[in-house]
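# Coordinates in review
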Amino acid sequence: MELKTKITAEDGKQELVITREFDLPLELLFKAYVEADIVEQWMGTKVLKLESKKHGSYQFETTDAKGNKHRFNGAIHEFSLNQKITRTFEMENTPYGVQLEFYEFEQLTDDTSRLRMHVIYESAAKRDQVLALPFTQGINMAHNRIQDIVNKLK
Amino acid sequence: MNLRRDVFQAIADPTRRAILLLVASQSLTAGAIASNFDTARPTVSKHLQILAECELLEQKQNGREIYYHLNAKNMKAIADFIEPFRQMWDDRFNKLETIMKNYKPKK
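Because the structure is predicted, anything quoted here is derived from the model rather than measured. (Residues numbered from 1 in each chain as written. Chains lettered and ligands numbered in written order. Predicted model: local features only at pLDDT ≥ 70, side-chain atom pairs only at ≥ 80, totals over all residues. Heavy atoms only, no water.)

This brings us to the overall build of chain B. A count of helical and extended segments in chain B gives 6 helices and 3 strands. For chain B, the sequential pattern of α-helices and β-strands runs α-α-β-α-α-β-β-α-α. Residue burial in chain B is summarised as follows: out of 107 residues, 47% are buried. Within chain B, counting contacts between residues at least 6 apart in sequence, those at least 24 apart form 49% of the total. Within the structure as shown, chain B displays about 5900 Å² of accessible surface, and the carbon and sulfur contribution to it stands at 49%. (Helix = DSSP H or I, 4+ residues; strand = E, 2+ residues; numbered from the N terminus. Buried < 20%, exposed > 50% of the residue type's maximum accessible area, 1.4 Å probe, protein only. Contact = heavy atoms within 4.5 Å. Areas by Shrake-Rupley, 256 points an atom, 1.4 Å probe, with all protein chains shown as cover.)

The residue Asn82(A) is not glycine, and still its phi comes out positive at about 60°. Mapped onto the elements of the fold, Asn82(A) is located in the loop between strand S5 (69-80) and strand S6 (84-91). Given the relative accessible area of 18%, Asn82(A) is considered buried. Although it is not a glycine, Glu55(B) sits at a positive phi angle of roughly 60°.

Let us look at the sheet that holds strand S2 (residues 57-62) of chain B. Strand pairing within a sheet occurs via backbone hydrogen bonds; the two strands may be parallel or antiparallel. All names here are of chain B. Across the sheet, which stays open at both edges, the 3 strands sit in the order S1-S3-S2 with antiparallel pairing between neighbours. The sheet is open, and its two borders are formed by strand S1 (28-29) and S2, each paired with just one other strand. Contacts from helix H2 (residues 14-25) reach S1, S2 and strand S3 (65-70), with the element oriented near 95° to S3. (Pairing = 2+ DSSP bridges. Axes fitted to C-alpha atoms, helices over the stretch in contact; angles between N-to-C directions.)

Next up on the list: the packing of helix H2 (residues 36-43) of chain A against helix H6 (residues 83-101) of chain B. Contact geometry of H2(A) with H6(B) gives a least axis separation of 8 Å together with a crossing angle of 135°. With respect to H6(B), the element H2(A) is oriented oblique. Regarding H2(A) and H6(B), the two cross each other, and that crossing is right-handed. Packed against H2(A), whose contacting residues are Ile38(A), Gln41(A), Trp42(A) and Met43(A), the element H6(B) presents Arg92(B), Phe93(B), Lys95(B), Leu96(B), Ile99(B) and Met100(B) at the interface. Residues of the contact of H2(A) with H6(B), tallied by class, amount to 7 nonpolar, 1 polar and 2 charged. (Parallel < 35°, antiparallel > 145°, perpendicular 65-115°, else oblique. Left-handed = near helix turned anticlockwise from the far one by under 90°. Nonpolar A, V, L, I, M, F, W, Y, C, P; charged D, E, K, R; others polar.)

Contact residues are listed per partner, giving 47 residues for chain A and 38 residues for chain B. Summed over both partners, the interface of chain A with chain B comes to about 4100 Å²; 69% of that surface belongs to carbon and sulfur atoms. The interface formed by chain A and chain B includes 3 salt bridges. We note a salt bridge from Glu97(B) to Lys4(A), for which the minimum N-O separation is 3.0 Å. The tally of links from chain A across to chain B stands at 7 residue pairs in polar contact (both at pLDDT 80 or more). (Buried area = accessible area lost by both parts, 1.4 Å probe. Salt bridge = Lys/Arg side-chain N within 4 Å of Asp/Glu carboxyl O. Polar contact = N/O pair within 3.5 Å; in protein donor to acceptor, adjacent residues only side chain to side chain.)

Formed by 41 residues in total, the largest nonpolar core has its most connected members in Tyr33(A), Trp42(A), Phe105(A), Phe93(B), Leu96(B) and Met100(B). Ignoring sequence-local partners within four residues, the contact set of Phe105(A) consists of Leu26(A), Leu29(A), Phe30(A), Tyr33(A), Asn82(A), Gln83(A), Lys84(A), Ile85(A), Arg114(A) and Leu115(A). Core analysis: the second largest hydrophobic core is formed by 24 residues, Val7(B), Leu20(B), Val23(B) and Leu70(B) among them. (Core = buried A, V, L, I, M, F, W, Y, C linked by side-chain atoms within 4.5 Å.)

What follows is about the side chain of Thr88(A). Residue and element names in this part refer to chain A. For Thr 88, the location among the structural elements is in strand S6. Note on Thr 88: relative accessible area 18%, which makes it buried. Leave out the neighbours within four places in its chain, and Thr 88 touches Tyr 58, Asn 73, Gly 74, Ala 75, His 77, Val 98, Gln 99 and Leu 100.

Here it is in structure tokens:
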């Protein structure tokens with residue numbers, strides 16, 4: 001079976017591409033990126049600010065199991081309804097830097113659509129660090145101790 | 001040397017996994033890493049040595065101190081290195097799809 005979500009991350013490059021096909025009309029897919037209350041639901045985050053327009057900006061805040069708050073923010077550089085969003089993304093207080101994100105929305109049929117997410121990092125090393133995050137966190141899931149260690153670093 | 005087998009052995013240990021997570025976000029000295037564990041310093045040093053040997057950690061000399069940082073490139077020797085990242089996005093997109101399938105316009 002073909003995977004619905006695909007990642008392309010070539011060795012030594014500072015970019016990656018995520019593609020996904022949705023059983024959703026294009027307009028509904030796009031809306032999920034634009035309306036704060038919907039973003040909150042599927043991203044599992046609190047939306048502090050989301051100005052879906054050119055020169056707009058956004059800030060999200062998530063709370064982890066220990067009650068620590070993590071913030072994410074960025075600026076919206078390009079906003080074309082049902083077509084494209086270009087924005088920056090930054091995890092605050094982390095060493096991963098600012099990434100540039102291009103979201104391209106495409107209609108496939110009346111009921112299906114595709115998202116292509118092209119992300120460019122400051123360096124290949126930073127991209128690999130971000131890619132490694134869910135992996136390193138995943139292998140530690142069973143070890144609550146790890147959370148304590150990370151908390152000590154803050 | 002079978003790098004992949006060694007890598008799997010390296011991450012089979014909870015302390016070594018904890019070390020990898022620590023250095024995933026920043027380079028640290030052996031002392032700084034050891035200070036996060038109750039384990040004796042030589043034990044932590046041994047773990048660092050194993051992680052360095054199978055090239056999951058890289059060492060960089062900075063003055064008198066040696067800093068350890070994650071060698072993300074070799075983490076890829078583990079077959080499913082990218083899979084948790086893909087899975088994370090897949091979960092999010094599945095959620096998005098479900099929410100929007102049930103979406104009712106407010107008007």
